[in-house]
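# Summary of the model geometry
Next come the chains, spelled out residue by residue.
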Amino acid sequence: MTGHDMTEYRVARLCDRLAHEDLAELGVRVEARGAGVTVRGSVASPECRAEVLRIAAEELDGLDWHEDVTVCRPGPPARPEELS
């Protein structure tokens, strides 16, 4: 198995864990680009983000990887919208 194949395998394993473990996070994408891997997307809470990054660190250990995972807090606006 080549280094590229091994990276693709590890990316697929990470995606599987994110989708099927208790986290069930489908809003995160994992992409292999050249020699590196990028983990990006939006999650609902800081705890979820921390769990995504923990799992990514386990699965991508030893690889050059970067993250762009943000917390998106859907909810009502803090104040009413003013229409003119």
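Everything below is about the structure printed above this text.
Okay, so let's go over this structure. (Residues numbered from 1 in each chain as written. Predicted model: local features only at pLDDT ≥ 70, side-chain atom pairs only at ≥ 80, totals over all residues. Heavy atoms only, no water.)

Take the environment of Asp16 next. Of note, Asp16 is situated in helix H1 (residues 3–20). For the pair formed by Asp16 and Leu26, sequence separation is 10 residues and the distance between their alpha carbons is 9.8 Å. (Helix = DSSP H or I, 4+ residues; strand = E, 2+ residues; numbered from the N terminus.)

Mapping Glu59 onto the fold places it in helix H2 (residues 46–59). With relative accessibility at 9%, the residue Glu59 sits in the buried group. With sequence-adjacent residues up to four places away left out, Glu59 is seen in contact with Arg10, Arg13, Leu14 and Arg17. (Buried < 20%, exposed > 50% of the residue type's maximum accessible area, 1.4 Å probe, protein only. Contact = heavy atoms within 4.5 Å.)

On to the sheet that holds strand S2 (residues 36–43). Taken in spatial order, the 3 strands of this open sheet run S1-S2-S3, and their pairing is mixed. Sheet topology places strand S1 (28–33) and strand S3 (64–71) at the edges, where each strand pairs with a single neighbour. With strand direction ignored, the average angle separating the axes of adjacent strands in the sheet is 10°. Of the strand pairs in this sheet, S2 and S3 are connected by 8 bridges, and their pairing is parallel. (Pairing = 2+ DSSP bridges. Axes fitted to C-alpha atoms, helices over the stretch in contact; angles between N-to-C directions.)

Functional significance is not addressed by these values, which are geometric in nature.
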